[in-house]
Amino acid sequence: NPEIGQPKADILQDKSVRVVPVFQRKIMVVIQILVTTSLAFVFTVVLVEGLHYDGFGGSTRDTVLDGLAIMIASIPIALPLVIQVNLALGAAHLAKDHAAIVTSIPALQDIASMSILCSDKTGTLTTANMSIIADKIYTVGEFTAAQLLCFAFLTSNADKKDDPIDKAVIAAYNDTESAQDITKSASYKQESLIGFDPEVKRVVSFVTRGDGQVMTIAKGLPAKIMDTSAGGVDHGEIQWKVEEVGEQKFVEEVSEHDASMSKSGYKTIAIAVCMSDARKDGKHKWRFVGLLPMLDPPRTDTAQTIDSLQYAGISVKMITGDHRNVGAETARLIGLGTDIQPGEAIRNAKSEAEKNELIWNADGFAQVLPSDKRDVVLTLENKFGVVVGMTGDGVNDAPALSAAQVGIAVEGATDAAKNAADLILTEPGLSPIYGAVIASRRIFARIKAYVIYRVAASMILVLVLSTMIFVTGCAVDSLLVIILALLNDISMVPVAYDNAAATKTPEIPNALKLVMMSLFFGLANTGISLAFLFGMEHSSKLENDISFSVCSGDDRGFIWLHLVFVSELMIFSTRAPNFLFQPPYPSILLVLSVGATLGLGVIIALFTSSDVSGENVGWIALFNFVSVVAVDVVKVWFKHQIGEAAGDVIESEELLSPEGEKSEIQKHIDKQQRYHWYRRNRIRKEDLERSVEIVDNKRTFYNAFMHFRFVSATDNYVFGGARQKAAASACVRERGTGQKPPGSKDATADNDIVIDA
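Residues numbered from 1 in each chain as written. Predicted model: local features only at pLDDT ≥ 70, side-chain atom pairs only at ≥ 80, totals over all residues. Heavy atoms only, no water.

Trainee: It is not clear to me how the overall build of the protein should be interpreted in this structure. Could you clarify?
Mentor: The number of helices and strands found in the protein is 26 helices and 19 strands. Counting only residues that meet the buried cut, the protein has 55% of its 757 residues in that class. Taken as a whole, the protein presents about 31900 Å² of accessible surface, with 57% of it coming from carbon and sulfur. (Helix = DSSP H or I, 4+ residues; strand = E, 2+ residues; numbered from the N terminus. Buried < 20%, exposed > 50% of the residue type's maximum accessible area, 1.4 Å probe, protein only. Areas by Shrake-Rupley, 256 points an atom, 1.4 Å probe, with all protein chains shown as cover.)

Trainee: Teacher, can you tell me more about helix α12 (residues 302-311) here?
Mentor: In an α-helix, one turn spans 3.6 residues; hence positions three or four apart end up facing the same way. Of all 10 residues that make up α12, 7 are buried, and the element is covered over most of its length. Along α12, the residues classified as buried are Thr 302, Thr 305, Ile 306, Asp 307, Ser 308, Leu 309 and Gln 310. The positive-phi residue at the C-terminal boundary of α12 is Gly 313, with phi of around 85 degrees.

Trainee: Teacher, can you tell me more about the state of the cysteines here?
Mentor: Cysteine pairs can be covalently joined through their sulfur atoms, and such a bond is termed a disulfide. A complete count under the given rule lists 1 disulfide for this structure. One disulfide bridge connects Cys 474 with Cys 551, the sulfur atoms lying 2.2 Å from each other. The sign of the 75 degrees torsion about the S-S bond sets the Cys 474-Cys 551 disulfide as right-handed. Within this pair, whereas Cys 474 is found in the loop between α19 (431-472) and α20 (478-491), its partner Cys 551 is found in the loop between α21 (511-537) and α22 (553-574), the two being separated by 77 residues in sequence. Here Cys 474 falls in the buried class, since its relative accessible area comes to 2%. (Disulfide = S-S within 2.5 Å.)

Trainee: Mind showing me how you'd approach the packing of α19 against α20 here?
Mentor: Helix-helix packing: each pair is described by the crossing angle between the helix axes and the interaxial distance. Relative to each other, α19 and α20 sit at 170 degrees, their axes nearing to 12 Å. Considered as vectors, α19 and α20 are oriented roughly antiparallel to each other. At the point where α19 passes α20, the crossing takes the right-handed sense. Across from Tyr 450, Tyr 453, Arg 454, Leu 461 and Leu 465 in α19, the residues of α20 making contact are Val 481, Leu 484, Asn 488 and Asp 489. Taken together, the residues of the contact of α19 with α20 break down into 6 nonpolar, 1 polar and 2 charged. (Axes fitted to C-alpha atoms, helices over the stretch in contact; angles between N-to-C directions. Parallel < 35°, antiparallel > 145°, perpendicular 65-115°, else oblique. Left-handed = near helix turned anticlockwise from the far one by under 90°. Contact = heavy atoms within 4.5 Å. Nonpolar A, V, L, I, M, F, W, Y, C, P; charged D, E, K, R; others polar.)

Trainee: I keep staring at the nonpolar core and nothing clicks. Help me out?
Mentor: Most often, soluble globular proteins have nonpolar side chains that are buried together. Counting 118 residues, the largest nonpolar core has Leu 423, Ile 559, Trp 560 and Leu 563 as the members making the most contacts within it. Among the elements that make up this core, the one with the highest residue count is α19 (23 residues). With residues up to four places along the chain from it excluded, the contact list for Trp 560 reads Val 476, Leu 480, Val 481, Ile 483, Leu 484, Leu 487, Gly 601, Ile 604 and Ala 605. The next biggest cluster of nonpolar side chains, apart from the first, holds 32 residues, and it includes Cys 118, Val 376, Ala 403 and Ala 421. (Core = buried A, V, L, I, M, F, W, Y, C linked by side-chain atoms within 4.5 Å.)

Trainee: Looking at this structure, how should I read the side chain of Lys 639?
Mentor: Relative to the helices and strands, Lys 639 resides in helix α24 (residues 614-641). Nearest to the buried, unbridged Lys 639 among oppositely charged side chains is Glu 644, at 5.8 Å. If we skip the residues at most four places from it in the chain, Lys 639 touches Met 517, Ala 576, Pro 577, Glu 644 and Ala 645. (Lys, Arg positive; Asp, Glu negative; His and termini not counted. Salt bridge = Lys/Arg side-chain N within 4 Å of Asp/Glu carboxyl O.)

Trainee: Whenever I open this one, α22 confuses me. Can you help?
Mentor: Over its 22 residues, α22 extends 32 Å from the first C-alpha to the last, a length consistent with the 32 Å expected when each residue adds 1.5 Å. Among the 22 residues that make up α22, 21 are buried, leaving the element largely enclosed by the rest of the structure. (Expected span 1.5 Å × (residues − 1).)

Trainee: Would you mind showing me how to read the sheet that holds strand β3 (residues 114-120) here?
Mentor: Strands pair in a sheet through their backbones, by hydrogen bonds, and they do so in one of two ways: parallel or antiparallel. With mixed pairing, the 8 strands of this open sheet are ordered in space as β2-β16-β15-β14-β3-β11-β13-β12. Strands with a single pairing partner mark the edges of an open sheet, and in this sheet they are β2 (100-102) and β12 (340-342). Ignoring which end each strand starts from, the neighbouring axes of this sheet average 20 degrees apart. Relative to strand β16 (residues 423-425), strand β15 (residues 406-409) is paired through 2 bridges, and the arrangement is parallel. (Pairing = 2+ DSSP bridges.)

Trainee: I tried to follow the packing of helix α3 (residues 60-74) against α19 on my own but got confused; where do I start?
Mentor: Between α3 and α19, the shortest axis-to-axis distance is 8 Å and the interhelical angle comes to 160 degrees. As summarised for this structure, α3 and α19 are arranged roughly antiparallel, according to the angle between their axes. Relative to α19, the crossing made by α3 is left-handed. Mapping the contact onto sequence places Ile 70, Ala 73 and Ser 74 in α3 and Arg 454, Ser 458, Leu 461, Val 462, Leu 465, Ser 466 and Ile 469 in α19. Tallied by class, residues from the contact of α3 with α19 come to 6 nonpolar, 3 polar and 1 charged.

So this is what it looks like as C-alpha cells:
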C-alpha cells in the first residue's frame, strides 16, 4: 500500500538534497556584487595611480599594493566567523536554558522566522498520562464492563510501557479484579498481535482460550472497529463488519455515545470480538463489545505557552489522530480556536483551492493520516509563503517533521522523529519552544546588524580610499589599510555576545531592505567622511596643516585614523533598532572591544610613521562622535521610509502571565490580525523555489575538497530564511547530466538553479 512506503520515500527525498536558504543566496549575491564592484574600483585605482600620478614610472610595486590593500579591505573576512559564533552560542543557550538541542544550525534562523506551528496533541499539548474512566464505560448487549476491560487488556502490549493507551488499559485492568477473574477462568492467553498502524487505526489480537480455540479481538477507532472500510478501504490484513452495523438504531446509538464522550473531552477506544480465528478463510462473526472512555488532560502550562506564542505572532494549529470532538474540546481548554477539521476533508477536497483555504483557515485537524500532516505543512509553506514549524514524537510524524522548515521532536520522541527533526526538546510540552523563538530572534537581530555593518564598512573603505586616490593621488599605506581591515574584523567578534531585542513579530528575511540599510550607512558615512577630509584640508585652525596633494605621513595617517573611528563607531548605530541611546544598550564586551580598537588606532597614528598630531586626533574623534549621532537620527527616519521601523519587542524569554480565557470571537479577531500580518510579509513566490545540490556520497578526494571549500565560503554567510526542503525536489536536476533525481517532479529550466560543488 502506498501509505506504508510513502513516509520513508518522503524522508529520503528530503534528505537527498541540501537546500540552500534563499536569504543565504541573496547575501552571497550582495557579497559578490560588493567584491566585484571593489575589484572594478581597484582596477581603476591602479590605472589612475599608475598613469595619471605616474605610479608606473616610480614604484610599480607600491601602486599594485595600494590596489590590493583596498581589495583586501573590501572582503568581509570575519563575516563567517561572527555568524558561526553567534549561531554556536545560540545553540548552546538553547540547550542549557531551554532544553532544546539544535541538530541543524540553520534551524536557529528558521525559528526566528516561524509564523505557524503545527503541533501534535497527545504528549505535547496534553500530558499523555491517560486514564480510563470506569464509570463511563459503555457496553452493548450482554457484554459487561469487566469483559470490555478484559478484551482491551488482551489487545494490549505489556512491553510497550511508553504507549499511553496500552499503559492506561493495563493500569485499569490491574485495578479491576472482576476483569482479571474473567481472564483466569477462561484461561485466555495472547498468542500474537498485529500492532497499531496510523492508517488502519486499530490493533488486532489473537487469543487462545482454555479449550485450545483461537478468538480474535480488535481495539481501535470506533468507526474502524464497527466497519474497517469506514472512510475508505485500508490495507489492514483483516477486514470485517460487526453484525450489528446493519441496524441503523445500533449505529446511531453508538455514534451518539461516542460523540457525547468526545464533546466532554474523552478519547474513545472501541472493542470488537470474533470467537474464531479471523486469519483463516471462511465467514467470521464479529460482535461489537463497547466503548472505553479515556481522559488525557492538557499540560498545566500549555494554555500559557500558546498564549505566549500567539503574543509573539505565531499561530498554533493542532493536528491529532483523535476524534474531531476530542480535538475541539482540547483546543477550547488550551485557548485555541475550535474550528477543528477532519483529515478526511483534506483528502476529499473538491479542488486544490478548496483544500488550501481549508488548511489555511482551520485551527486544527483531527483523525488525520501521516500524509495529511505532511500535506498541511507543505501547503502552508508552498501556497501561503509562511515559515512552518511541526512538532511530533512518533515514526508517523517523521515525514511531516522532515518537510517542515522547523521540525521539532518533542521529549520522548522516537529515533525516527529525532533524525527527521531540526530541534529536539528534552523537556515535556511546548514551553521550551517559546524560549527558543525569543532567543532565535535575538540571534537574528545580531547577525542582521553585523551584516549591515560589515557591508557598509567595506563600502566606506573602498569608496573613501579610492576617491582620495582619484582626486588627490594620496594613497594610505597598504600595511595600514590591511591593519585597519584586521582591526575591524577582530573588534566585531563580541557582536555575538551583544544585547539584542526580540521582535514581537516573526523575523522575515528581506534582502532588499538589508541592502538598502547597508547602502544608507555606506553612502551616508562616505559622504560625511569625504566632506570632513576635504574640509579639514582647507582649514586654518589645525596645528599641522593637512595637504593630501603632498600626501605626507601625517596626511595618510589622518585619513587612516578617521576611517578607524568611522568604521568602529558605526556598529553602535547599525545594532540599534531605534536611536542608539535607547535600549537595548550595547554589551560591555562590545564597548570595551571598540574602545580598545580606537585606543590602539590612536597609538598607531601618534607613534608610528603616520605621525598624526594630538590636535588632529582630537578633531577626528570629536567629528566622528558627533557624526555617528547625526547619521543615527537620519537612520531612524530612513527605516520608517522603507518599512523597517523598530516595532514592539519582547523583553523576557519567560512565559507570559495568563490573561484569562478569551471568547471565540476574540480568538478569531486575534487570529485574523496575525494572518493579515502573514499576508503582508509572506515569502515571495519566486523565493519558494530554492537552490539545491544533490547529496553525492561518491565523491573523489578532489571533489570533496572543492565541495568543502565552496560550502565553507557560502554556508558561513548564512543569515536566515526558510529552508523549504520538501519543495526542493521540484527544481533539482543532477549536476552535469540533466537527469532528474529519483522521485522528483519535472521542472522548467528557469527553475533549475543548481549550486555546483
